[in-house]
Amino acid sequence: MGIGKTPFGAFPDRDLRSLAVEAGEKCLRNAHANPAQVEAVFLGNFAGPAFVGQNHLAPYVSTALGIQGVPATRIEGACASSGSAFFHAFTGVASGVYDIVLVAGVEKMTSQPTPRVTEILASAGDCSGEIKAGSTFASLFAMIARRHMYQFGTTREHLAAVAVKNHANGALNPDAHMRKAITMEQAMAGKPIAEPLNLYDCSLISDGAAAVLLAPAERAHEFTDKPVRVLGIAQASDFVALDQKPDITTFPAVRLASEKAYRMAGVRPADIQLAEVHDCFTIAEIIALEDLGFAPRGEGGPFSLAGHTARNGDKPVNTSGGLKSKGHPVGATGAAQICDLVLQMRCEAGERQVPRHALALAQNLGGSGATCVVTILGTI
Amino acid sequence: MNGESGTVYTETVIYSAPDAFAADVPYQTAIVSLDSGGRVTGRILGDRVAIEDRVAEVEVRDGVPFFRKIA
């Protein structure tokens, strides 16, 4: 297994393909592999056509990497696009169809003004209902937060604690978009975006790419002396429209995918030593903690405020800075989560290295919960 | 669907919106549990509403229901 990613940020001089190629080349180099060995490419991308006007992205990227002739397929699952690409690559390798598969994820978002980015992101919602009514993605998660607060007593302080923790981690990540620690006061007093969420509850609009090379376990030694094994993985789906869900304070797709992944890996939530979860908004991290079984239902907020998820807590979450501080180039996020966990598992995470890193979990969420991929990684 | 009434399941006030809605900012949206069953996402006119408030649909524009708080 190899990994490679670009820094995340706003790169006005870079185009989508050059970002994906940089991540892909770094990944192949990391795995001591050459393009001719790659048997298939799965590219996660949410909205290349809308953001940069380019379609047919998978061969557009793979040929630029010098990978010729093999199946090259784009996977779209909103913010879970490259998590889903990773899942499909895994099924290809596990079934024996391929040995060596490259997964890449890329998004180039900052070439559009923020109102247009908001509009493109909203297209991952139900455009015939909630979006037509003026919903934005922030507003969908704001409505989730409101209901979570109403049912469980979650507070603004709980949300802010997630932002403060992820910014503290991101400040130590040289590849993060916003390398800046923030205080509780700042996080509580950000510019309102959609009540009760403010600017500091929202992930960043970023450019970036990430890539992962998959190989069967018995061939891993050809590519790395620090192999990381996929112990469990599952993808699940749910309604796209928030108003179709019976209970918006939980994501059934996260519960389904994580239950399957735990079963496949033969581990329990308590066994997981670190996680990268999908904090597109602070409330999403709080609910992820509950749906993944790290915290009891309704208690994700107090669990966060108590410091369990900090780097020095018993369940470090988003040591990379998460989508909040590392950045959220939508289509790259799922693959980047895997890269960040692998860095920790290889003891290559620098200042943000955590001591326990043998069993890790990535949770990648699409839209307001309609797609979820959960991956459990272990060191062999 | 005109004349529907229901209860606010959740709501938000939006300050950052795409160009198509920029003129309305800040505006409130809500998911309303309809008395007739099911839920819809709509806009709130007039007074702000909170969870559990009772609302009535006052108009439908381009398929989008607009609700007003029942005093």
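**Q** Can you lay out the overall build of chain A for me, pointing to particular residues and giving the numbers?
**A** A tally of regular secondary structure across chain A gives 13 helices and 11 strands. Here the C-alpha atoms of chain A give a radius of gyration of 19 Å, agreeing with the 21 Å that 2.2 N^0.38 yields for 380 residues. On the principal axes, the C-alpha backbone points of chain A span a range of 55 × 45 × 35 Å. Taken across its 380 residues, chain A has 62% of its residues classed as buried. For chain A, contacts bridging at least 24 residues in sequence account for 77% of all contacts bridging at least 6.

**Q** So, helix H3 (residues 57-64) of chain A: which residues are in play, and what are the values?
**A** Residues and elements named next belong to chain A. The set of residues buried in H3 consists of Leu57, Ala58, Val61 and Ser62. Axial view of H3: buried residues confined to an arc of 115°, hence all on one face. After H3 finishes, the residue Gly66 shows a positive phi value of roughly 80°.

**Q** Which residues make up the confidence of the model for chain B, and what values do they have?
**A** Averaged over all residues, the pLDDT of chain B equals 95, while 97% of them reach at least 70. The ipTM value of the predicted complex is 0.97, and its pTM value is 0.97.

**Q** Could you give an account of the interface of chain A and chain B, naming the residues involved and the relevant values?
**A** Of the residues lining the interface, 25 residues belong to chain A; the matching set on chain B comes to 26 residues. Those elements that provide at least two residues to the side of chain A that touches chain B are helix H5 (114-122), helix H6 (137-152) and strand S5 (192-194) of chain A. When residues in the side of chain A that touches chain B are grouped by element, the largest group, 7 residues, is from H6(A). A per-class count over the side of chain A that touches chain B returns 12 nonpolar, 6 polar and 7 charged.

**Q** Can you break down the sheet that holds strand S9 (residues 274-276) of chain A residue by residue, with the values?
**A** Residue and element names in this part refer to chain A. Across the sheet, which stays open at both edges, the 4 strands sit in the order S8-S11-S10-S9 with mixed pairing between neighbours. Only two strands of the sheet have a single neighbouring strand rather than two, namely strand S8 (228-237) and S9. Across the sheet, the mean angle from the axis of one strand to that of its neighbour is 15°, orientation sign disregarded. Bridge count between S8 and strand S11 (residues 371-379): 9 bridges; the pairing is antiparallel. Bridge assignment links Val230 to a residue of S11, and that residue is Leu377.

**Q** An account of the environment of A:Phe251 is requested, with residue identities and associated values reported.
**A** With respect to the helices, strands and loops of the structure, A:Phe251 is situated in the loop between S8 and helix H9 (252-265). Separated by 126 residues in the primary sequence, A:Phe251 and A:Gly125 place their C-alpha atoms 15 Å from one another.

What counts and what doesn't
- Residues numbered from 1 in each chain as written.
- Chains lettered and ligands numbered in written order.
- Predicted model: local features only at pLDDT ≥ 70, side-chain atom pairs only at ≥ 80, totals over all residues.
- Helix = DSSP H or I, 4+ residues; strand = E, 2+ residues; numbered from the N terminus.
- Rg over C-alpha atoms; globule rule 2.2 N^0.38 Å.
- Buried ≥ 20, exposed ≤ 12 C-beta atoms within 10 Å, placed from the backbone.
- Contact = placed C-beta atoms within 7 Å.
- Arc of directions from axis to C-beta.
- pLDDT = per-residue confidence, 0-100.
- Nonpolar A, V, L, I, M, F, W, Y, C, P; charged D, E, K, R; others polar.
- Pairing = 2+ DSSP bridges.
- Axes fitted to C-alpha atoms, helices over the stretch in contact; angles between N-to-C directions.

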